[in-house]
Amino acid sequence: MATKTKPEANKTESNGSKPVQVYKAKGIRVSIFANTSEKDGKPTTFYKMAAPQKFYRDGEEWKATQSFSGSDLPVLQLLIGRAFVWIIDTEATQSKEEG
């Protein structure tokens, strides 16, 4: 019997970029993706969060959803909070380096 493993969904966003940071707990994953643009002719990196995902088993198959139950919300809140702090800290560090 073949062993099924959890999917690596959300490893890449639709544009093919890989997350720069991932937070996971209790089957929920929040990934942060970096985007680069130019400001005053200089490359600038800014961050956005992809939609969080929840992973679950349907028989032998792993699936992902963007729907959450009431009991998932505290975990989701925690992970989104950690992601937000990481984004703020990273952007503050970049501002100091540019400054």
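Residues numbered from 1 in each chain as written. Predicted model: local features only at pLDDT ≥ 70, side-chain atom pairs only at ≥ 80, totals over all residues. Heavy atoms only, no water.

Caption draft 1: Inspection of the overall build of the protein chain at higher detail. A count of helical and extended segments in the protein chain gives 1 helix and 5 strands. Secondary structure of the protein chain in N-to-C order comes out as β-β-β-β-β-α. Buried residues in the protein chain amount to 25% of all 99 residues. For the protein chain, the share of sequence-separated contacts (at least 6 apart) that also reach a separation of at least 24 residues comes to 42%. Entry remark: accessible area of the protein chain is about 6,900 Å², with carbon and sulfur atoms responsible for 51%. (Helix = DSSP H or I, 4+ residues; strand = E, 2+ residues; numbered from the N terminus. Buried < 20%, exposed > 50% of the residue type's maximum accessible area, 1.4 Å probe, protein only. Contact = heavy atoms within 4.5 Å. Areas by Shrake-Rupley, 256 points an atom, 1.4 Å probe, with all protein chains shown as cover.)

Caption draft 2: Quick peek at the pairing of strand E1 (residues 21-25). As defined by bridge partners, E1 adjoins strand E2 (residues 28-39) across 5 bridges and the pair is classed as antiparallel. Paired with Lys24 across the strands is Arg29, a residue of E2. (Pairing = 2+ DSSP bridges.)

Caption draft 3: Structural context of the nonpolar core. Among the nonpolar cores identified, the biggest contains 10 residues, and these are Tyr23, Ile28, Val30, Ile32, Tyr47, Val75, Leu76, Leu79, Ala83 and Ile87. Among the elements that line this core, the one with the most residues is helix H1 (residues 73-98), at 5 residues. Contacts of Val75, omitting those with residues within four sequence positions, involve Ala25, Lys26 and Ile28. (Core = buried A, V, L, I, M, F, W, Y, C linked by side-chain atoms within 4.5 Å.)

Caption draft 4: Structural detail: H1. Between its first and last C-alpha, H1 extends 37 Å over 26 residues, near the 38 Å set by a 1.5 Å rise per residue. For H1, the elements touching its buried residues are E1, E2 and strand E3 (42-49). (Expected span 1.5 Å × (residues − 1).)

Caption draft 5: Layout of unusual backbone geometry. One non-glycine residue, Lys26, adopts positive backbone phi at about 50 degrees. Positionally, Lys26 belongs in the loop between E1 and E2. On the accessibility criterion, Lys26 (75% relative accessible area) is exposed.

Caption draft 6: Inspection of the pattern of salt bridges at higher detail. Counted under the stated rule, the structure contains 3 salt bridges. The shortest N-O distance in the salt bridge between Lys54 and Asp72 comes to 2.7 Å. With Lys54 in strand E4 (residues 53-58) and Asp72 in the loop between strand E5 (61-65) and H1, the pair connects residues that are 18 residues apart, well separated along the chain. (Salt bridge = Lys/Arg side-chain N within 4 Å of Asp/Glu carboxyl O.)

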